[in-house]
Amino acid sequence: MVLVELGRSLRASLNKLSTIGGASEEVIATVLNEISRALIEADVSVGLVKAMKEKIKAKIELTSDSHINKKKLVQKAVQDELVSMLQPATKPYLMSRKKTNVIMFVGLQGAGKTTTIAKFAGYYARKGWKVSMVCCDSFRAGAFDQLKQNATKLRVPFYGSYTEADPVVIAEKGVAQFRKEKYEIVLIDTSGRHRQEAGLFEEMQEISAAVDPDNTVFVMDGTQGQAVYDQAMGFHDAVDVGSVIVTKLDGHAKGGGALSAVAATASPIIFLGSGEKFDDFEPFNAKSFVAKLLGFGDIRGFMDELQSVKDKDAEKKTQANMIKGKFTFRDLYTKFESMSKMGSLSKVMGMMPGMGGMASMMGGDMDAKFKTFKFILDSFSDDELDGKIDIHTAPDRQKRIERIARGSGTHPAQVEGLLQQHKMFAGMVSKMGKSGMMGGMDEKKMKHAQEQMKRNPALAKRAEEMAKANGMGGMDGGFDMASMMQNAMGGMGGGGGVPGMGGGGMPDMATMQKMMQGMGGGGGMPDMASMQNMMQGMQGMQGGGMPPMGGGGGGGGGAPDFAALNQMMANMGK
Ligand SMILES: Nc1nc2c(ncn2[C@@H]2O[C@H](COP(=O)(O)OP(=O)(O)OP(=O)(O)O)[C@@H](O)[C@H]2O)c(=O)[nH]1
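Basis of the calculations
- Residues numbered from 1 in each chain as written.
- Predicted model: local features only at pLDDT ≥ 70, side-chain atom pairs only at ≥ 80, totals over all residues.
- Heavy atoms only, no water.
- Helix = DSSP H or I, 4+ residues; strand = E, 2+ residues; numbered from the N terminus.
- Buried < 20%, exposed > 50% of the residue type's maximum accessible area, 1.4 Å probe, protein only.
- Contact = heavy atoms within 4.5 Å.
- Areas by Shrake-Rupley, 256 points an atom, 1.4 Å probe, with all protein chains shown as cover.
- Axes fitted to C-alpha atoms, helices over the stretch in contact; angles between N-to-C directions.
- Parallel < 35°, antiparallel > 145°, perpendicular 65-115°, else oblique.
- Left-handed = near helix turned anticlockwise from the far one by under 90°.
- Phe/Tyr/Trp six-rings, centres within 6.5 Å; stacked < 30°, edge-to-face > 60°.
- Expected span 1.5 Å × (residues − 1).
- Arc of directions from axis to C-beta.
- Near = heavy atom within 4 Å.
- Polar contact = N/O pair within 3.5 Å; in protein donor to acceptor, adjacent residues only side chain to side chain.
- Nonpolar A, V, L, I, M, F, W, Y, C, P; charged D, E, K, R; others polar.
- Core = buried A, V, L, I, M, F, W, Y, C linked by side-chain atoms within 4.5 Å.
- Pairing = 2+ DSSP bridges.
- UniProt positions renumbered as here; feature names shortened; annotations may be inferred.

A. Local environment of the overall build of the chain. Check the secondary structure of the chain and you find 27 helices and eight strands. Expressed as a percentage of the 574 residues in the chain, the buried residues total 53%. Of the contacts formed within the chain by residues at least 6 apart in sequence, a portion of 76% connects residues at least 24 apart. Roughly 25,000 Å² of accessible area belongs to the chain as shown, and the carbon and sulfur atoms make up 52% of that amount.

Following this line, the structure appears as structure tokens:
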């Protein structure tokens, strides 16, 4: 998650508010002062912060109802004001799949244009768009090689020239070629300069006139904080900047200032860059960003991502298998694919309520582990993946493990670790399949359970009390995913086990989706069906968590009492 420090300070301040009933004037004043200080430290302009603080205060004072939960009120006011500070005034360009979308990238030298183009290309290619790149940066030696290298890694076609010095000619030829080949997206890299110079602006205007881009994206270095305001305005006035991408928000204290300054120029921010890797990139939406910053998760973003990347056929097959109580290595692979198409796992986790902090705590290692799992599965034969050869019981099991380890560049112990986790999860799926639990929550049954809860508010209340008694009560009287996960994972991160291979099963996407839907309302109680789904989901994680999250399973903490939770569900239904 970007702006880790700012998020941590804001969350810590908000947590000072009492959960029960009211918070004293004094506490509220302290919290608002701390929030203001955190924002100023992130380089947000003092004027903006002052105005924001006054607006929040006014909102709180206006609410004379003494019964209202002050904690919620302050949280909501802070969230709303942060959103309005970061919400750009204009809407960004929306790409269409029916045409060639020509996108020109501009910015100062070193802002991260070439890297951002690669990230942008990767993001859309993962979602199935036909993407291409054109290098018009004939100013910086090596720019074309850099773009070429990135394009090759991403398997995206590119156009450029070592001999042609005129960027306008390159742009025209490249765009014409990719238009003819019916590419949906053509990304144009332009050259940068150290400062905003007349020469740079002229070149940008000439390229722009030659290719008539559908959108001009201004790439800006976020480490400069609020100072970017003048830069953004300069580019805005020189070319018709349609949207902005702010880069280098990883670990830089000034990111908040950069974001608020860009929003103040009325240019829509479309993506944020948070590292040098292609995956260090996320779409920007003020509401989702603030929700993640404050640790509330981003259910909407998660669902959108899930929908846009899901390989529906593969997921359907896996779902059908699981209902029958079957879970092959290919099903495991499908789960990995779905997750990896959504970007880095830490990003995905950042979208889940309360889990953002955990993701940053666990660091980039998670993604490395995730990749290792995929490499191992890539070295399975089709028959092994589909369970036609049961690798667990095959007489030449050891030989197969060694072959897979060689093929994936891993240690046989890591392959063994994956087999163990698969076995555990497949066993669980098998039990659930037999008991009908896996298929148990189809739409009809889910509706029925929801109706039950609606008709009987006492039941909903009891469920909430029970959930709280089980240590699941959290923010807004709803669920605190972080504490649930901590419970569910027991000794995450502990020693023992095969290094890097603590993971096991993962709840199926449908379960996860239902579970998220249940939690997405913010506050209140998830419906009964979702809760039961959630239990199933968590059971899937019990063997060490989502694959890359398992920490070897050694570190104590104790497994959650799923039997008790399930019993609780069952009792509630009576
Ligand atoms: N930490 C971090 N580094 C980044 C990010 N984006 C780009 N970089 C790094 O910033 C440096 C400059 O990036 P480039 O993509 O070459 O910049 P450019 O704007 O294309 O530069 P010119 O072609 O010279 O105009 C490289 O070392 C990148 O790896 C980011 O989000 N975070």
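B. Spotlight on the packing of helix 2 (residues 25-41) against helix 3 (residues 46-62). For the pair helix 2 and helix 3, the least separation of the axes is 10 Å and the interaxial angle reads 155°. Here helix 2 lies roughly antiparallel to helix 3, going by the angle between them. Of the two possible hands of crossing, helix 2 and helix 3 adopt the one that is right-handed. Note on element contacts: helix 3 touches helix 2 through Val46, Val49, Met52, Lys53, Ile56, Lys57 and Ile60, opposite Ile28, Leu32, Asn33, Ile35, Ser36, Leu39 and Ile40.

C. Here's a closer look at the packing of aromatic side chains. Throughout the structure, instances matching the rule amount to 15 aromatic pairs. Aromatic pair Tyr123 and Phe281: ring centres 6.4 Å apart, planes at 80°, arrangement edge-to-face. Note that Tyr123 is positioned in helix 5 (residues 113-126) and Phe281 in strand 8 (residues 281-283), a separation of 158 residues in sequence. By relative accessible area, which is 9% here, Tyr123 ends up buried.

D. Focus on helix 19 (residues 397-408). Here helix 19 spans 16 Å end to end across twelve residues, near enough to the 16 Å set by a 1.5 Å rise per residue. Here helix 19 has its buried residues at Arg397, Arg400, Ile401, Ile404, Ala405 and Ser408. Down the axis of helix 19, the buried set is contained in an arc of 135°. They therefore lie on one face. Residues of helix 19 that are exposed and angled more than 90 degrees away from the buried face: Lys399, Arg406 and Gly407.

E. Broad picture of the site of the ligand. Among the 20 residues in the neighbourhood of the ligand, the closest are listed as Lys113, Thr114, Thr115, Arg140 and Asp250. Between an oxygen atom of the ligand and a side-chain N or O atom of Thr114, the distance comes to 2.7 Å. One nitrogen or oxygen atom from the side chain of Asp137 is found 3.2 Å from an oxygen atom belonging to the ligand. Among the elements that take part in the shell around the ligand, helix 5 stands out by supplying four residues, more than any other. When grouped by side-chain class, the residues that make up the shell around the ligand number two nonpolar, eleven polar and seven charged.

F. Seen up close, the nonpolar core. Met204, Phe235, Val246 and Leu259 are the most contacted members of the largest nonpolar core, which has 67 residues in total. The dominant element in this core, judged by the number of residues it contributes, is helix 4 (residues 70-86), at eight residues. With 27 residues, the next largest nonpolar core counts Ala121, Leu147, Ala151 and Val217 among its residues.

G. Expanded view of the pairing of strand 2 (residues 131-135). Across the five residues of strand 2, five count as buried, placing the element largely inside the fold. Neither face of strand 2 is exposed, since Val131, Met133 and Cys135 on one face and Ser132 and Val134 on the opposite face are all buried. The pairing of strand 2 with strand 4 (residues 185-189) spans five bridges and is parallel. If you follow Met133 over to strand 4, its bridge partner there is Leu187. Here strand 2 runs beside strand 3 (residues 158-159); their pairing, made up of two bridges, is parallel. Residue Met133 lies in a different strand from strand 3, and its bridge partner there is Phe158.

H. Local environment of the UniProt feature "domain: SRP54-type proteins GTP-binding" (unreviewed entry) in the chain. Under the UniProt annotation, the feature "domain: SRP54-type proteins GTP-binding" (unreviewed entry) is placed at residues 268-281. As annotated, residues 268-281 comprises 0% helix and 43% strand, and the C-alpha atoms at either end are separated by 16 Å.

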